[in-house]
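So the chains spell out like this:
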Amino acid sequence: MITGSLTTGYRLEFELTATDIRECIWKYLQKLEESVDQQVAREHRQILFQKESLPNPRYIRLSFLKDFPDIICLHESVGLFRGLSLEETLARESDAAPFVKKVWLDEHSINAIWQGFDLDEFATSWKNLLAVLNDLGSISFEYTLGLHPDTFSSISAELLPLFSHMDPSSSLSKQ
């Protein structure tokens, strides 16, 4: 039997936005921290995830050992509009709507990043990410492929079916 795998040298980044989306990520980290796998990993001097501060200290990068994309988002402690939808936030803060919208989007978005990924591994980690975010309901997202669908039709043909599992009310827009 012959098997094959396609690995790209490209970066794939999705910005996912939903009210309190970061909360799901923090719950997932807590679950990982308390897991048996984490205890075993510690015994072998490994880690299942790593938190890295970025040049802007308000942001953090979360890197995972396997089966999950890297996540960049605002630090857990940063938040002005927790629990509020964009519509509620804009209604409360109507005087500074453009600024408020930007702040809300920063607070309620995460960037999921795959760098030089194997398509099979990508499919697994995409499904794992959606499982973690499952409680949110509708998620709107924008994507940057870093590879053009016309040029890499076989790659796109492999990736695009994965997005059919999104909530039909979700919007998909090309960045």
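Keep in mind that this is a model prediction, so the values were computed, not measured. (Residues numbered from 1 in each chain as written. Predicted model: local features only at pLDDT ≥ 70, side-chain atom pairs only at ≥ 80, totals over all residues. Heavy atoms only, no water.)

(A) Region of the structure containing the packing of aromatic side chains. Going through the model one piece at a time under the given rule, you end up with 9 aromatic pairs. Seen from their ring centres, Tyr28 and Phe64 are 5.9 Å apart, and the 45° between their planes marks the pair as tilted. Within this pair, whereas Tyr28 is found in helix H1 (residues 21–33), its partner Phe64 is found in strand S3 (residues 59–64), the two being separated by 36 residues in sequence. We note that Tyr28, like Phe64, is buried. Ring plane angle 20° and centroid distance 6.3 Å describe the contact between Phe122 and Trp126, whose orientation is recorded as stacked. Of this pair, Phe122 and Trp126 both sit in helix H5 (residues 119–132), 4 residues apart, which is roughly one turn of the helix. Just as Phe122 is buried, Trp126 falls in that class too. An aromatic cluster is defined as three or more aromatic residues linked by ring pairs; in this entry it consists of Phe14, Trp114, Phe122 and Trp126. (Phe/Tyr/Trp six-rings, centres within 6.5 Å; stacked < 30°, edge-to-face > 60°. Helix = DSSP H or I, 4+ residues; strand = E, 2+ residues; numbered from the N terminus. Buried < 20%, exposed > 50% of the residue type's maximum accessible area, 1.4 Å probe, protein only.)

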